[in-house]
4 protein chains.
Amino acid sequence: MDELNIGMVGYKFMGKAHSNAYRALPMFFPDRVKPTMKVICGRNEEGVSVAAKDFGWKEYTTDWKTLLSRDDIDVIDINAPSNVHKEIAVASANAGKHLYCEKPLALTLQDSRDMLAAAEQAGIKHMIGFNYRFTPAIMLAKKLIEDGRLGDIRHFRAWFLQDWLTDPHFPLAWRLQKEIAGSGAHGDLNAHLIDLAHFLVGDLKEVIGMSETFITERPLPDDTGGLSGTSKKNAATGPVTVDDAALFLARFENGAIGSFEATRFAAGHRSTNSFEINGSKGSVIFDFERMNELQVYLTDDQADVQGFRRVMATDPAHAYSDAWWPAGHPIGYEHTFTHAFVELADAIREDRQPVPNFKDGVKCQQVLEAVELSIEERRWVQISSL
Amino acid sequence: MDELNIGMVGYKFMGKAHSNAYRALPMFFPDRVKPTMKVICGRNEEGVSVAAKDFGWKEYTTDWKTLLSRDDIDVIDINAPSNVHKEIAVASANAGKHLYCEKPLALTLQDSRDMLAAAEQAGIKHMIGFNYRFTPAIMLAKKLIEDGRLGDIRHFRAWFLQDWLTDPHFPLAWRLQKEIAGSGAHGDLNAHLIDLAHFLVGDLKEVIGMSETFITERPLPDDTGGLSGTSKKNAATGPVTVDDAALFLARFENGAIGSFEATRFAAGHRSTNSFEINGSKGSVIFDFERMNELQVYLTDDQADVQGFRRVMATDPAHAYSDAWWPAGHPIGYEHTFTHAFVELADAIREDRQPVPNFKDGVKCQQVLEAVELSIEERRWVQISSL
Amino acid sequence: MDELNIGMVGYKFMGKAHSNAYRALPMFFPDRVKPTMKVICGRNEEGVSVAAKDFGWKEYTTDWKTLLSRDDIDVIDINAPSNVHKEIAVASANAGKHLYCEKPLALTLQDSRDMLAAAEQAGIKHMIGFNYRFTPAIMLAKKLIEDGRLGDIRHFRAWFLQDWLTDPHFPLAWRLQKEIAGSGAHGDLNAHLIDLAHFLVGDLKEVIGMSETFITERPLPDDTGGLSGTSKKNAATGPVTVDDAALFLARFENGAIGSFEATRFAAGHRSTNSFEINGSKGSVIFDFERMNELQVYLTDDQADVQGFRRVMATDPAHAYSDAWWPAGHPIGYEHTFTHAFVELADAIREDRQPVPNFKDGVKCQQVLEAVELSIEERRWVQISSL
Amino acid sequence: MDELNIGMVGYKFMGKAHSNAYRALPMFFPDRVKPTMKVICGRNEEGVSVAAKDFGWKEYTTDWKTLLSRDDIDVIDINAPSNVHKEIAVASANAGKHLYCEKPLALTLQDSRDMLAAAEQAGIKHMIGFNYRFTPAIMLAKKLIEDGRLGDIRHFRAWFLQDWLTDPHFPLAWRLQKEIAGSGAHGDLNAHLIDLAHFLVGDLKEVIGMSETFITERPLPDDTGGLSGTSKKNAATGPVTVDDAALFLARFENGAIGSFEATRFAAGHRSTNSFEINGSKGSVIFDFERMNELQVYLTDDQADVQGFRRVMATDPAHAYSDAWWPAGHPIGYEHTFTHAFVELADAIREDRQPVPNFKDGVKCQQVLEAVELSIEERRWVQISSL
């Protein structure tokens, strides 16, 4: 197979990130299967036609179902709103298309399980867009752990801090409405932390959480597009129905313990996606705002020069780095998507499931719901009980 | 009053820290009441006599009770082991002596309440050694919050990370035995975080915690002195009966939410005593390893230059700083004790209770026990229920 | 004008960086003139044909002269080796083509002046590839200075530290041979610092420098391609004829003073391209390894919260940032090229010279040669004397 | 010898720093010879009598000459103004007293040589107050270099940045008057950097410098005491006769190259005393504002975890650290003086010259004057020519 024909559903923020990654892949990974940007799909014809031209897609359509019967489409890339993921994914799987689906897989654990079942029954390849895994510095953390260089893992602590809701005048955007968004900081931000915990440390065993909505009424927005929004002066207000912040404690199956925090009220943190892992032989610290760096501590360093090393994960020794620029030259957020598509392309060529796939999406959803249940019932919840 | 005559019970690590602070006070705060280092007390005559000479005390004794009847003793400073705090404090209060007691006030909430009651009944001044409050950078955080410059507080997250137990060959020191130490990382490290939470944010309302002992058997030590210890090869082992790590989530009375973590298994962290506070108008971040610095973010900075400021709290504008060295010159751990004694001296001269005092010690103990109960019963515990 | 037809000469490292930037431009700056990747040119047919396919060019050629007579080429992008810049640029200008030329403009000041003269006589637009100017954090520094928010500039200190020559076994690559590379760290790295000094502070008045070659003999390489290279064991050696490090002091026309350092022997620095500027009202610090950040200090901050702010230049208030990802999401090295091409496209559409242009290239070359003269003659050299 | 009887001349800023260090020494280094604070000397009786009481000296005098004939004085500590160092030092040496003299040794190279000659002729011990050497993190840098763990040293770059003159209203204090202070930032700040260069890298061979006075007229002060000062509105002005900033390039005898910068106009830097050293096998970076830390890079770290380590020099493996607090607990500026006095006491007991001594003071003065000459004559100056 030389090319991978893509049909993509969704053309907003994530559609742009995906398009850019497909475009960059053959230039920087020329020995990989080349993705062909065949058809982009969106409900609004004006919007999707402009996106097709700007992003470089050959065709566009307003009906994703037309993609299913085309022989020249190998992969359906779903980055439409979360509430339509299931319908598109199940139909695509049934049509024999490989799938790349943005996180969250679905709005409920049951839906995500249905999607996994459909994908497995159809025998297609399925991948989920936990793109942060593909940050070279995080790949380095993974390698250190897998090689046993951090020893037995004892602690995972992670925090995803944003501040865009600090302002009480910020309007009641769709992300603040439970019926559309499912949850607030929890589903949006903790989902990423949970996936990294699964990736780096292993399965969770039990959780207990808490959440808070600091500002319960907000002005109604003028529009609901994009990530932000504006509101008129003296606008009417409506209730915020999702969490502003969600924290939880956890125990892993392997005996490690963890703490997780997601908030949109941490003034000064535009998007601090950070974790620390402590093992019996070393530790790592990561912060996505400095995504090219991993701080690494190793207990067997000489006694007088022990300390966290600031490793720039841009050396030839680091994953993906030889594809990009010379050592010491930063890459950015978007490169994580390119790396994810390299995995997708490789998995299809090698006839294996890509990682992370829908199983990882289900597992993440399971923890998210366990935490929600623990908040509602104010008790520890076993992951296996869901 | 020109001088404050001190009788000190305890002469090990904390005795040295206190002695050094008493010594430095008149040199750097010459307009304050001068502490006179009258008598140092310890059970081991050889040890205490050497300490008296090295630290600069005029006399020593092996019987603390002799201090109570002396007219030339104004303050009893208790930094003997925690399990004797209560007896000494109650007797000293009854004898009309002012008290400075190291944390924890006592090993149980009930004992600490008894101590507070004795102190109040005697009408003496009582202070507890939560010395971290007196770090100039933390005083700056307090000032910013009190002046409303951080707005309404939403988040408090704190972590006290150490790594001295990472090595499984580290022996079963007294700090790892529940009957002597009371608890492990929880009582030792979370106590400081809880006091800072009280100081900076306010009273806690409810908590839920978890704890873990990662290494449950350790070699018996050759000796039990000091903070560390050694063990022979093939030494017999004994059970670790305290927690290696303790985490909890919390809700404050004022609506803020918090997360706390204490561990002795965070490889690479010798003593990372750190917190972050997020308010509606700004944030602060502190790490005791860089104790001269406070990171400060203010939401009303101009749009293009918003970011955390690294403030060196050594300018004349910062608490205590004009007593020490020119701006930009670091002070260290020991200075926090000197500042604490300035507060003690001022309070006695001004005939008011020093802050923090035994009430703060009781409140801290109350939270510690609430967390322990929440761990034992795996449920949220209201602070007011204890 | 809707499209800008590009003919590019060069297809290695810089050719890839430029191609990637051309491809990204219409996706992220859809309202700008769209560059069309018409023809890529290189001497090696096999190499250039692969590059054409991987990078996405419509055609390729092995003879750059064929580009000059084509009506469907608007701009010649020169990123071939420096020693052929002049010939291609002058011929292209004479043919009426706009020019984008990588730095250094030429190997000598005289050649660069000839190129500028040819470009001015032909009346074409000419731009030089000082891409670092287009880092959003550096654009912020520029804005702060232009708005007077740093006051009068007193100090500029800059250092570009690399470490790829620290290993004595690193072979005698072409970059270490004077006849090919012109100079070593000086022309390669100081050139960037000098341009940033011109951009941010202003013209230099006089300089005095020093340079050093720490390792004077190196093993002959197996090949001379790419940035690095390898050598066989017991390989014959040859003399290093360029500087390993070059430092100089400088005085600016406006009274500021500066220090510059370039080295390839700073172990641990893969590519630390950094500067600090101190003015009467504030300071900024930049490091390209953390290219999304600018540290900013303002003297009129309140007395108790003065300190360097870590500004993530990814907010909507920062140059180019709304074209990319949400606030707090890093961009990388390659984005600086996209921004440079935005300037090129805008300048052509607006019928003005882009900035930086060949004048800036000449000025940079003038300072580089003045420093070289100052090293040779061990004396201060006036820039205006060259 | 059990005690070392000190007579100290000077009682202001440095007198306080020294007194504090003498008092701390027996508490933290109980096995060392104990300094006895015998007599403090100053011209102003009121001032020196208060200092004697506050700092803890047994006696005071207004005539330093009375110290010379007393048998109960072993060491004369000179921290009076620099212009009287020579007279006191020579007379004290002739009287057979050991000497501890603050930097600079004298205002001229000739005077410093006279002082060294007198000390050598008298056969006394002589030490100079380059206290920064005794920072544990700098001692670690020294150890790494001496043990060959950084390999051959190639680069030394150092900068001492302050900002107290940024404000044009700051008055014409004595430090800005050449007849009193000798020079400005150069003698005050570069002196420290030069000594660290000597200590860590070795002797300098040649230098070339530049200096600048940015603000040439300042308001006359109300008083000239202390480090700062104030001036009345509309005060008359006078000329600043010293440098505000001084930079120089240097070549070391061992082939390393160096750059030095001292300024009082670096807004945001209260007192950034910093250096970086690059060797063939590693690098170190130090900043006194974070004096407990040394950043260390070692080239033989594994390929995927190479990076600067942030070493807290507070472990038992670090110099002096076991005398103070547990690992991870910061010490401050003042501790460097205590360590210096430990060296003085040890040298006297062991009957050897302390390090650094007057020879180091002379060497520093020699470089300072060579730089001044290079600035005046705008040419490279050989150190050995002075």
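Residues numbered from 1 in each chain as written. Chains lettered and ligands numbered in written order. Predicted model: local features only at pLDDT ≥ 70, side-chain atom pairs only at ≥ 80, totals over all residues. Heavy atoms only, no water.

Chain A is annotated in an unreviewed UniProt entry as Dehydrogenase of Planococcus lenghuensis.

Caption draft 1: Focus on the interface of chain A and chain C. Taken together, the 37 residues of chain A in the interface contact 38 residues of chain C. Summing both sides of the interface, chain A and chain C together bury roughly 3500 Å²; the carbon and sulfur share of this comes to 57%. For chain A, the biggest contributors to the area lost against chain C are Arg23, Met27 and Trp325 of chain A; these three give 20% of the whole. Inspection of the region where chain A meets chain C yields six salt bridges. Among the ionic pairs, Arg270 of chain A bridges to Asp315 of chain C, the shortest N-O distance being 2.9 Å. Where chain A meets chain C, there are 13 residue pairs in polar contact (both at pLDDT 80 or more). At the level of secondary structure, the elements contributing two or more residues to the side of chain A that touches chain C comprise helix H1 (13–28), helix H2 (45–55) and strand S16 (308–312) of chain A. (Contact = heavy atoms within 4.5 Å. Buried area = accessible area lost by both parts, 1.4 Å probe. Salt bridge = Lys/Arg side-chain N within 4 Å of Asp/Glu carboxyl O. Polar contact = N/O pair within 3.5 Å; in protein donor to acceptor, adjacent residues only side chain to side chain. Helix = DSSP H or I, 4+ residues; strand = E, 2+ residues; numbered from the N terminus.)

Caption draft 2: Quick peek at the side chain of Ser280 of chain A. Structurally, Ser280 of chain A can be placed in the loop between strand S13 (272–279) and strand S14 (282–287). Given the relative accessible area of 17%, Ser280 of chain A is considered buried. Aside from chain neighbours lying at most four places away, what touches Ser280 of chain A is Leu150, Gly151, Asp152, Arg154 and Thr299 of chain A together with Thr166 of chain B. (Buried < 20%, exposed > 50% of the residue type's maximum accessible area, 1.4 Å probe, protein only.)

Caption draft 3: Looking closely at the interface of chain B and chain A. The partner chain A presents 46 residues to the 46 residues of chain B that form the contact. Buried surface at the junction of chain B and chain A, both sides included, amounts to about 3500 Å², of which 57% is carbon and sulfur. Taken as a group, Arg154, Met210 and Arg378 of chain B account for 18% of the area that chain B buries against chain A, more than any other trio of residues on that side. In this assembly, chain B and chain A are joined by six salt bridges. One salt bridge in this structure joins Arg251 of chain A and Glu212 of chain B, with 2.3 Å as the shortest N-O distance. The tally of links between chain B and chain A comes to 20 residue pairs in polar contact (both at pLDDT 80 or more). Broken down by secondary-structure element, the contributors of at least two residues to the side of chain B that touches chain A are strand S7 (153–161), strand S8 (204–212), strand S11 (245–252), strand S12 (257–263), strand S13 (272–279) and strand S14 (282–287) of chain B.

Caption draft 4: Highlighting the relation of the copies chain B and chain A. Note on the identical chains: chain B maps onto chain A by a rotation of 180° and an axial translation of 0.0 Å, with an RMSD of 0.0 Å. Look at the turn and shift together and you get a two-fold axis relating the two. No C-alpha of chain B lies nearer the rotation axis than that of Arg379 of chain B, which sits 3.0 Å from it. Mapped onto chain A, 100% of the interface residues of chain B are again interface residues, and the two copies thus contact each other with one and the same surface. (Least-squares fit on C-alpha atoms with pLDDT ≥ 70 in both.)

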